[in-house]
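Listed here are the chains, written in short residue letters.
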Amino acid sequence: MADNRHILVIGEVEKEKLTSTSRELLGGAHRLAAQMGGTVNLLLMGPAVAAAEEGIHYGADKVYTSKDAMLSESNSDACTIMIDALCRKIQPVLCLFGQSDLGRDAAPRLAAKLNAGLCMDCVEVTFDAGNNRILQTRPVFGGKAMAVMATTGDRLQINTVRAKAIAPEEPKADRKGEVIPVTDAVDASLVKVKLVEAKKIETEGVKLEDAKIIVAGGGGLGGPEGFEMIAQLAKLMGGVVGATRVPVDENWVPLSMEIGQTGKIVSPDLYIAIGISGAAQHVTGIVNSKKIVAINRDPDANIFRMADVGLVADYKVAVPILIEKMKAGR
Amino acid sequence: MDIIVFVKPVLDPDMPPAKFSVDGKTNRVIPPEGMPLVISPYDALAVEAALKIKEAAKGAKITAVTMAGPFAVEVLRKAVAMGADEAVQINDPAFEDSDAFSTALILAAAVKKIGKCDIILCGRQAADWDNGVVGSVIAEYLGFPSVIRAKGISVADGKLKVERVITNGFEIFEVGLPAVVTLSSEMGQARIPTGWGIINAAKKQIQKWSAADLGVDAAGVGKAAARNQLVKLYTFSPSRTCEMVTGKDEKEAAEKLAEKIMDIKP
């Protein structure tokens, strides 16, 4: 690894606050920098610049801010150009993205431009002091295996990191850091992909990622009516409804409800899986749930291997009873 | 309209986790006996997207390309059976253990050899290593724009309109040609080949290209050129001890489950 031990975190914000994933990245970067002897640098682009101070509280030593109007999360072309320019300037040894819309798009392109190592969707990034290298662990084969990867040579390592995989640091309001405005403008002629229309699905109430109770349905529910039934149960319990990939692909429920490898990563106190077979691609998104309850007709369904409490039953019989019982309370 | 679709043979991603195993000494997956490799499901959607464009344009040439050993043939025949016009297998001992960047370099060389290309399609990620990198890197190496995780794609006035999936919704992008687009599962289902398609595919001559055919320097690809080295590969099967709730019938069992849930409920 090169002597230069700077870490660059690509920050993202939501409603002028750092996203939970950005806080987690800063926490991970802070601990790695302490071990390796380096600094934590945070890049905030476009509307994200509002969170500069917050970035310092969560562990950044330097915050680079670029207000260029083109730097929106939908403009991966512009963001990639800006991050590329900053990497060439500060020469980090490690660059961390969230496994977000931006990270999935920009990280591979940046690695191509910078001849960097690249690991997507990491669940762990550690410093191997004995071998003076950074190790990254990522789920592969749909979550059926884990791969530990080392960077070869002195190259920059770029990683995207899965939500909730690493812990943030406690914010410290008295932490000192430096905010450095970046004034270089993005060359508009290099932006080739033009946004025509955005259709955002605004989730009302608690988001799946933050929910304490999730009631989720799979292909076994057979259609949108099944989801109406489990939504009643979720509502009575103060929970949020989630889904596996099949109901989303079949258009029974919107994409924002998807949990798993290609959807959201969740960690509720209670996860109730109804009509879910337990494919590895789904399970990888729920492994950090405190308690898992599963209802499935098939006694051999893989979900029972993952559950704390199981019931072999037709959900059309079981769920109405659960609803009645929750209504009645104790 | 010339469309190139990249397809990859993978272990069936829907195989039961219990059948999945890793050789800890070599850090390689042990393929279960008698289980043939399949076309990576997202890549099958890329073939489907190409066919939809071809149907809408009332004509286009679709070339399916794979970089793989003997298993490649079946995957290419599947693409041809679905409706692809040409099939190319890229294989060379020097390409073994190529990382995503070497793979993209080799596939970009294949695009140049094919010559005519308006649209490059592939899956959002391969269902084995789940990287989601190769499509974007091909675009960078060729200097083409790219849109990833598409659920819909159409051509109008010499431009592509791509509907991309984001975490909380969709975005529609317009992009000039040539361009790279990767496809996501939200696109729907890939078509099942017809009997006639399967017969046609069985007869199809598959072109075979080596490193020399592509003009790729063998020293710049494969294991030695990998930017990340696999240190350890191990199976991951999170499991818990499941307490099964039973009763004289489903109704009684469900009542007992309700009690359990009320005990657990935060």
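Residues numbered from 1 in each chain as written. Chains lettered and ligands numbered in written order. Predicted model: local features only at pLDDT ≥ 70, side-chain atom pairs only at ≥ 80, totals over all residues. Heavy atoms only, no water.

Re the overall build of chain A
Okay, step 1: Looking only at helices and strands, chain A features nine helices and 18 strands.
Okay, step 2: Its C-alpha atoms give chain A a radius of gyration of 22 Å, within 12% of the compact-globule value 20 Å for 330 residues.
Okay, step 3: Projected onto the principal axes, the alpha-carbon positions of chain A cover approximately 65 × 45 × 40 Å.
Okay, step 4: When each of the 330 residues of chain A is scored for burial, the buried share is 60%.
Okay, step 5: Considering only contacts within chain A whose residues lie at least 6 apart along the sequence, 62% involve residues at least 24 apart.
Okay, step 6: As displayed, chain A has an accessible area near 12800 Å², and 49% of this comes from carbon and sulfur atoms.
Okay, step 7: The averaged location of the 40 negative side-chain charges in chain A is 2 Å from the averaged location of its 38 positive side-chain charges. (Helix = DSSP H or I, 4+ residues; strand = E, 2+ residues; numbered from the N terminus. Rg over C-alpha atoms; globule rule 2.2 N^0.38 Å. Buried < 20%, exposed > 50% of the residue type's maximum accessible area, 1.4 Å probe, protein only. Contact = heavy atoms within 4.5 Å. Areas by Shrake-Rupley, 256 points an atom, 1.4 Å probe, with all protein chains shown as cover. Lys, Arg positive; Asp, Glu negative; His and termini not counted. Charge placed at Lys NZ, Arg CZ, Asp CG, Glu CD.)

Here we look at the side chain of Ser184(B)
Residue and element names in this part refer to chain B.
Okay, step 1: In this structure, Ser184 sits in the loop between strand E12 (179–183) and helix H5 (195–203).
Okay, step 2: Looking at Ser184, its side chain comes within polar contact range of the side chain of Arg124, at 3.0 Å.
Okay, step 3: The residues contacting Ser184, other than those within four sequence positions of it, are Tyr42, Leu45, Arg124, Arg149, Ala150 and Val165. (Polar contact = N/O pair within 3.5 Å; in protein donor to acceptor, adjacent residues only side chain to side chain.)

Focus: helix H4 (residues 101–114) of chain A
Residue and element names in this part refer to chain A.
Okay, step 1: Between its first and last C-alpha, H4 extends 20 Å over 14 residues, near the 20 Å set by a 1.5 Å rise per residue.
Okay, step 2: Residue Ala107 marks the point of greatest curvature in H4, where the axis turns by about 25 degrees; the proline Pro108 follows within four residues.
Okay, step 3: H4 sits mainly inside the fold: 13 of its 14 residues count as buried.
Okay, step 4: In the segment just after H4, Asn115 is the residue with positive phi, at about 55 degrees. (Expected span 1.5 Å × (residues − 1). Bend = angle between axes of the 7 residues up to and from the residue.)

Overview of the nonpolar core
Okay, step 1: Ranked by size, the top nonpolar core spans 61 residues in total, and within it Ile158(A) and Ile90(B) carry the most contacts.
Okay, step 2: When residues in this core are grouped by element, the largest group, nine residues, is from helix H3 (residues 100–114) of chain B.
Okay, step 3: When residues no more than four places from it in sequence are discounted, the contact partners of Ile158(A) are Cys95(A), Phe97(A), Ala107(A), Leu110(A), Ala111(A), Ala116(A), Gly117(A), Leu118(A) and Cys119(A). (Core = buried A, V, L, I, M, F, W, Y, C linked by side-chain atoms within 4.5 Å.)

Focus: unusual backbone geometry
Residues and elements named next belong to chain B.
Okay, step 1: For the peptide bond that leads from Leu177 to Pro178, omega is -5 degrees, which places it in the cis range.
Okay, step 2: With respect to the secondary-structure elements, Pro178 resides in the loop between strand E11 (169–176) and E12.
Okay, step 3: Phi angles above zero are rare outside glycine, and Asp157 is one such case at about 50 degrees.
Okay, step 4: For Asp157, the position within the fold is in the loop between strand E9 (146–156) and strand E10 (159–166).
Okay, step 5: Judged by relative accessible area, which is 79%, Asp157 ranks as exposed.

Some remarks on the pairing of strand E5 (residues 62–66) of chain A
All names here are of chain A.
Okay, step 1: Most of E5 is tucked away: four of the five residues are buried.
Okay, step 2: Across five bridges, the pairing between strand E4 (residues 40–45) and E5 is parallel. The partner of Asn41 across the bridge, within E5, is Lys62.
Okay, step 3: With helix H2 (residues 52–57) bridging E4 and its parallel neighbour E5, the resulting β-α-β unit is right-handed.
Okay, step 4: With four bridges connecting them, E5 and strand E12 (residues 178–181) associate as parallel partners. Note on E12: the bridge partner recorded for Tyr64 is Ile180. (Pairing = 2+ DSSP bridges. Right-handed = clockwise from strand over helix to strand, strands pointing away.)

A short note on helix H4 (residues 134–142) of chain B
Residue and element names in this part refer to chain B.
Okay, step 1: Counted residue by residue, H4 has seven buried out of nine residues, so it is predominantly covered.
Okay, step 2: Among the residues of H4, those classed as buried are Gly135, Ser136, Val137, Ile138, Ala139, Glu140 and Leu142.
Okay, step 3: Where H4 ends, the next residue or the one after it, Gly143, has phi of about 70 degrees, a positive value.

Some thoughts on the packing of aromatic side chains
Okay, step 1: Tallied over the entire structure, the rule returns two aromatic pairs over all chains.
Okay, step 2: With a centroid separation of 5.2 Å and an interplanar angle of 50 degrees, the aromatic rings of Phe141(A) and Phe20(B) are classed as tilted. Here the residue Phe141(A) occupies a position in the loop between strand E9 (133–140) and strand E10 (145–151), and Phe20(B) occupies one in the loop between strand E2 (9–10) and strand E3 (21–23), the pair thus bridging two chains. A single burial state applies to Phe141(A) and to Phe20(B), both of which are buried.
Okay, step 3: A centroid spacing of 5.2 Å and a plane angle of 65 degrees characterise the contact between Phe141(A) and Trp129(B), whose relative ring orientation is edge-to-face. Taken together, the residues Phe141(A) in the loop between E9 and E10 and Trp129(B) in the loop between strand E8 (119–123) and H4 connect one chain to another. (Phe/Tyr/Trp six-rings, centres within 6.5 Å; stacked < 30°, edge-to-face > 60°.)

With respect to the confidence of the model for chain B
Okay, step 1: The predicted model of chain B has a mean per-residue pLDDT of 95, with 100% of residues at 70 or higher.
Okay, step 2: Confidence metrics for the complex model read pTM 0.94 and ipTM 0.95. (pLDDT = per-residue confidence, 0-100.)

Describing the sheet that holds E5(A)
All names here are of chain A.
Okay, step 1: Strand order in the open sheet formed by seven strands is E7-E11-E6-E1-E4-E5-E12, with parallel pairing between adjacent strands. Since the sheet does not close on itself, it has two edges, and those belong to strand E7 (117–122) and E12, each with one partner. The mean angle between the axes of side-by-side strands here comes to 20 degrees, regardless of whether they run parallel or antiparallel.
Okay, step 2: Sheet strands in contact with helix H1 (residues 20–36) are strand E1 (7–10), E4, strand E6 (94–98) and strand E11 (157–161), and its direction is about 180 degrees off that of E1. (Axes fitted to C-alpha atoms, helices over the stretch in contact; angles between N-to-C directions.)

Quick look at the interface of chain B and chain A
Okay, step 1: Residue-level contacts link 76 residues of chain B with 91 residues of chain A.
Okay, step 2: Counting the surface lost from both chain B and chain A, the interface buries some 7600 Å², and carbon and sulfur atoms represent 59% of this.
Okay, step 3: Considering only the side of chain B, the residues that lose the most area to chain A are Arg227(B), Asn228(B) and Arg240(B), jointly responsible for 11% of the buried surface there.
Okay, step 4: At the boundary of chain B with chain A, the tally comes to six salt bridges.
Okay, step 5: A salt bridge links Arg109(A) to Glu140(B); the nearest nitrogen and oxygen atoms lie 3.0 Å apart. (Buried area = accessible area lost by both parts, 1.4 Å probe. Salt bridge = Lys/Arg side-chain N within 4 Å of Asp/Glu carboxyl O.)

Section: the sheet that holds strand E14 (residues 228–235) of chain B
Okay, step 1: One open sheet accounts for four strands, arranged E8(A)-E9(A)-E10(A)-E14(B); its pairing is antiparallel. Bordering the open sheet on either side are strand E8 (124–128) of chain A together with E14 of chain B, each of which pairs with just one other strand. In this sheet, adjacent strand axes meet at a mean angle of 25 degrees when their direction is disregarded.
Okay, step 2: Judged from the six bridges that link them, E9(A) and E10(A) form a sheet pairing that is antiparallel.

Digging into the pattern of salt bridges
Okay, step 1: Per the counting criterion, the structure on display carries 32 salt bridges over all chains.
Okay, step 2: With its nearest N and O atoms 2.8 Å apart, the salt bridge here joins Asp121(A) to Arg162(A). Here Asp121(A) is found in strand E7, whereas its partner Arg162(A) is found in the loop between E11 and E12, with 41 residues between them in sequence.
Okay, step 3: Among the salt bridges present, the one from Lys52(B) reaches Glu48(B), with a minimum N-O distance of 3.1 Å. Placement of both Lys52(B) and Glu48(B) in helix H1 (residues 41–57) is noted, with a separation of four residues, approximately one turn of the helix.

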